[in-house]
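Notes for the structure review
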Amino acid sequence: MDYLQLGSYTFSSRLILGTGKFSNATVMLEAVRASGAQLVTVALRRFNREQLADDLFSPLRALPGITLMPNTSGASTAAEAVRAAQIARELSGSPFIKVEIHPNPQHLMPDPIETFEACRILAKEGFLVMPYIAADPVLAKRLEEVGCTSVMPLGSAIGSGQGLATAEMLNIIIRESNIPVIVDAGLRSPSEAALAMEMGCGAVLVNSAIAVSDNPPAMAGAFAGAVDAGRKAFKAGLMPKSSFAIATSPLTAFLGAKV
Amino acid sequence: MITLELNGKQQIVPPGSAVTDLLSIIGSVDNNVAVVINDRIIRPDKRSTHQLQEGDRVEILIFAGGG
Amino acid sequence: MTNLPDWLTDGRNSATLAAMLDPSSSSSLESLAIESRALTLRRFGRTMTLYAPLYLSNYCSSGCAYCGFASDRKTPRRRLEPDDIRRELTAMKKLGITDILLLTGERTHNADFDYLLRSVDIAAQEMQRVSVEAFPMSIREYRALADSGCTAITIYQETYNRERYEALHRWGPKKDFIERLETPARALEGGIKTAGLGVLLGLSDPGEDALSLYRHVRYLGRTYWRAGLSVSFPRMRPQTGGYEPPFPVDDHSLARIIFAFRIALPDVELVLSTRESAAYRDGMAGLGITRMSIESRTTVGGYHDPENNGKGQFDVFDDRSAHEFCNAMRAKNIEPVFKNWDPAYNGPADVNNTILHPVKPQPCL
């Protein structure tokens, strides 16, 4: 069987779900169920008695087979991210942490320097560190080097729906990585998720595309199918692309006739 | 009464209140929250005995939606 | 018997290469050449990097069945002393050479690590780039080489077929298959910047060896991700030992291997030596090969006194002068590059260097 291995955890689903932007928790939980996702990311927020329904901990735990992956969204520095991770692990009991440090609230691009520092510390503290990064092949290797469990390069900016704008960089990261590469952010459609899997990603993380759809559970199911199809195609071995035209006089004439 | 900073806002509680008392006051009925006082995490097993002090900075945190 | 490492036996990522290497594959040699040429042009431009080998010594302790310098051969043995080395370097520099490969046999009392280190030191004072093709060393020894100015090492596994390897390497330290296999990793660990790999084509099934070689390159690339990597394609030729290669590789097959490697490894330097003929080298220039040796002498020394001294390790097929070779390159619109490095870039790769200041988080627990 083709499992996604993260630390000592094995997952049969390669679709990871984000929980933001849903109209309400019920729809979100339906979408999680429909997606077959086994890893779900949640943010740490202040308790608010006016909005008790914001609390996803109980409802998510009630779903079978779900492992929580808290994220550090809201942190703008390594210190804040490390602190959030420690609090999150304490609350959830899960060793997973998605290190998400985006100081600019417009484009939400991840800070590579703070991210690297946070990951360095958290890996030493025994977390299963999953950093959210720009599609930077060198940063990906440096994070692998300090002990991250995976790298999560963005396909395009969070919520932008621009798909795999970083495809060329993703290809390099995937080729060179010894740890699973999980495309996160920017996937708009199931076909893009399938493409990411065909490229060799270990998994994809989808949030906005499902949450803002008219029918999130149905869209979640569609993404699940696409991720499955893409992975199967990757394992089966895609036909190589060839993009070069035929020369007018043969380049291999100098070799003479084959003996 | 003693004054705390709770989630960035002022909160008053009776002196000698433990963390569990504060949680009741604010309406957190289950234990799905993280409690951080002056940057130190207070685990569930310590909440009934940990007494709040004047000026404590308290953060009560939950898991909410977010990518 | 130590098990073979997973990266060597795992064929999941080498299927595309295997398909290209298969002579009955649907990809004609010409179509592979076209793709190889396009990738080479895009990544390396119209250039050919040049270097020359300097054999420091032909003393050897090993008994490789195929080598003219095996320890049971009657070849007269000698080694270059420091003054000899300086004279050779002067002669080489007159030919325009600035990038040299220092060679010795397997470790012997007469040509041991200290001898090699001293020689590297001398060469580094005269040459822009010094590489070494010698015997497997320890991480500490590689670090010392790097500190003395050696930026690259070449070490051929000869064949990745363990049974064939052990049969061919009849005695001496080279008999240890796993130690040799782990050598390039040790070199990169020790701060050598580039590792050159290869198999001696003809010793075993070339398709199998090519796949193993590819897996070795990919494994090193993923693990030592700051390192440079190069692949050579030495093909067994008639030589002083008289060994007949049991799996001879013809011109078409060698071309297929080179094109397939370029396509599968678009960023890796591919090297062809003067074992190959002038016509073959001219043909392959621009189609995939990006580095070639020139003016090669495969005897000990041989640049200072060309009328010299006994048999070389192998017969040089392309014996053109640097001048003639450069003309041939230019005729093909390829620029011969004598200097592609500066010693300012030397020094061991310090993988632990970081300019970041560690953050001290607030304690929470």
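As for the overall build of chain A
Tallying secondary structure elements over chain A gives 9 helices and 10 strands in all. In summary, chain A has a C-alpha radius of gyration of 20 Å against a globular reference of 18 Å for 259 residues, a match within 12%. Over its C-alpha atoms, taken along the principal directions, chain A stretches across nearly 85 × 40 × 35 Å. Relative to its full complement of 259 residues, chain A shows a buried share of 51%. In chain A, the proportion of contacts linking residues at least 24 apart, taken out of those at least 6 apart, comes to 62%.

Things to note about the overall build of chain C
Scanning chain C from terminus to terminus reveals 13 helices and 9 strands. For 365 residues, the compact-globule estimate of 2.2 N^0.38 gives 21 Å, and chain C sits close to it at 20 Å. Oriented by its inertia axes, the alpha-carbon framework of chain C measures out at about 80 × 50 × 50 Å. For chain C, contacts bridging at least 24 residues in sequence account for 77% of all contacts bridging at least 6.

Points about the pairing of strand 6 (residues 96-99) of chain A
Of the two faces of strand 6 of chain A, the one carrying Phe-96 and Lys-98 of chain A and the one carrying Ile-97 and Val-99 of chain A are both buried. The β-α-β motif built from strand 6 of chain A, the intervening helix 4 (residues 112-124) of chain A and the parallel element strand 7 (residues 128-133) of chain A has right-handed crossover chirality.

Re unusual backbone geometry
Residue and element names in this part refer to chain C. Backbone geometry at Glu-158 places phi at a positive 70 degrees, although glycine is not the residue there. Unusually for a residue other than glycine, Asn-333 sits at a positive phi of about 65 degrees. The topology assignment puts Asn-333 in the loop between helix 13 (322-331) and strand 9 (335-337).

Digging into the packing of helix 4 (residues 82-94) of chain C against helix 5 (residues 113-126) of chain C
All names here are of chain C. Put simply, helix 4 and helix 5 touch, their axes get as near as 10 Å, and they point 30 degrees apart. In the packing of helix 4 onto helix 5, the handedness of the crossing is right-handed. For the pair formed by helix 4 and helix 5, the contact residues are Pro-82, Ile-85, Arg-86, Leu-89 and Lys-93 on the first element and Arg-118, Ser-119, Ile-122, Ala-123 and Glu-126 on the second. Taken together, the residues that form the contact of helix 4 with helix 5 break down as 5 nonpolar, 1 polar and 4 charged.

Quick notes on helix 1 (residues 19-26) of chain B
All names here are of chain B. Inspection of helix 1 places Val-19, Leu-22 and Leu-23 among the buried residues, and these make up the whole buried set. End-on, the buried residues of helix 1 take up no more than an arc of 100 degrees, which puts them together on one face. Taken together, the buried residues of helix 1 touch strand 2 (9-13) and strand 3 (34-37). Positive phi shows up at Gly-27, right after helix 1, with a value of about 90 degrees.

Thoughts on the nonpolar core
With 102 residues, the main nonpolar core has Leu-122, Val-204 and Phe-223 of chain A as its most contacted residues. The contact partners of Val-204 of chain A, leaving out residues within four places of it in the chain, are Leu-15, Ile-16, Ile-182, Val-183, Leu-187, Ala-193, Ala-196, Met-197 and Val-227 of chain A.

Details of the packing of helix 5 (residues 137-145) of chain A against helix 6 (residues 167-176) of chain A
Residues and elements named next belong to chain A. Closest axis-to-axis distance for the helix 5/helix 6 pair is 9 Å, and the angle between their directions is 30 degrees. Between helix 5 and helix 6, the angle is such that the two are roughly parallel. The hand of the helix 5/helix 6 crossing is right-handed. Mapping the contact onto sequence places Pro-137, Ala-140 and Lys-141 in helix 5 and Met-169, Ile-172, Ile-173 and Glu-176 in helix 6. Looking at the contact of helix 5 with helix 6 residue by residue, the classes come out as 5 nonpolar, no polar and 2 charged.

A few points about the interface of chain B and chain A
Taken together, the contact between chain B and chain A spans 20 residues of the former and 28 residues of the latter. Those elements giving two or more residues to the side of chain B that touches chain A turn out to be strand 3 and strand 5 (57-64) of chain B. Tallying contributions element by element places strand 5 of chain B first for the side of chain B that touches chain A, with 6 residues. Residue classes in the side of chain B that touches chain A are distributed as 10 nonpolar, 7 polar and 3 charged.

Side note on the environment of Phe-247 of chain C
All names here are of chain C. In this structure, Phe-247 sits in the loop between strand 6 (228-232) and helix 11 (251-264). Along the backbone, Phe-247 and Leu-201 are 46 residues apart, and their C-alpha atoms lie at a distance of 7.7 Å. Beyond its immediate sequence surroundings of up to four residues, Phe-247 is in contact with Gly-202, Leu-203, Ser-204, Asp-205 and Pro-206.

A short note on the environment of Leu-52 of chain B
Residue and element names in this part refer to chain B. With respect to the element layout, Leu-52 can be found in the loop between strand 4 (40-41) and strand 5. The exposure class of Leu-52 is buried, given the 21 C-beta atoms found within 10 Å. Placed 41 residues apart in sequence, Leu-52 and Gln-11 show a C-alpha to C-alpha distance of 12 Å.

Description of the pairing of strand 3 (residues 15-18) of chain A
All names here are of chain A. Side chains of strand 3 alternate between two faces, with Leu-15 and Leu-17 and Ile-16 and Gly-18 buried alike. Pairing between strand 3 and strand 10 (residues 203-206): 3 bridges, direction parallel. By the bridge assignment for strand 10, Leu-15 is matched with Val-204. Relative to strand 4 (residues 39-46), strand 3 runs parallel, the two being bridged by 2 bridges. Across the sheet, Leu-17 pairs through a bridge with Val-40, a residue of strand 4. What joins strand 3 to strand 4 is helix 1 (residues 25-35), and the crossover it makes is right-handed.

Thresholds, definitions, all that
All residue numbers refer to position in the chain's written sequence, counted from 1. Note on labels: chains are lettered from A, ligands numbered from 1, in written order. Under the rules for a predicted model, residues below a pLDDT of 70 receive no local features and side-chain atom pairs below 80 are neither given nor counted, while totals for whole chains, interfaces and linings still include all residues. Numbering goes from the N terminus for both helices and strands, where a helix is a DSSP run of H or I of at least four residues and a strand is a run of E of at least two. For the radius of gyration, the atom set is restricted to C-alpha positions; the globular benchmark scales as 2.2 Å times the number of residues to the power 0.38. Neighbour counting defines burial: a residue surrounded by 20 or more other C-beta atoms within 10 Å of its own C-beta is buried, one with 12 or fewer is exposed, and intermediate counts give partly exposed, using backbone-placed C-beta atoms. The contact criterion used here is simple: two residues whose C-beta atoms, placed from the backbone, lie within 7 Å are in contact. The path from the first strand over the helix to the second decides the hand: if it runs clockwise while the strands point away from the viewer, the crossover is right-handed. In this description, a line fitted to the C-alpha atoms serves as the axis of each element, helices being fitted only across the stretch in contact, and the angle between N-to-C directions of two axes falls anywhere from 0 to 180 degrees. The handedness criterion is simple: a crossing whose near helix is rotated anticlockwise from the far helix by less than a right angle is left-handed, and one whose near helix is rotated clockwise is right-handed. In this classification, the charged set is Asp, Glu, Lys and Arg, the nonpolar set is Ala, Val, Leu, Ile, Met, Phe, Trp, Tyr, Cys and Pro, and all remaining amino acids, among them Gly, are polar. The arc in question is formed by the directions pointing from the helix axis toward the C-beta atoms. Think of a nonpolar core as buried Ala, Val, Leu, Ile, Met, Phe, Trp, Tyr and Cys residues chained together by C-beta atoms that fall within 7 Å. Between 65 and 115 degrees an angle is taken as roughly perpendicular, under 35 as roughly parallel, over 145 as roughly antiparallel, and anywhere else as oblique. Pairs of strands are assigned from DSSP output, requiring at least two bridges between the strands.

Just geometry here; none of it tells us what the structure is for.
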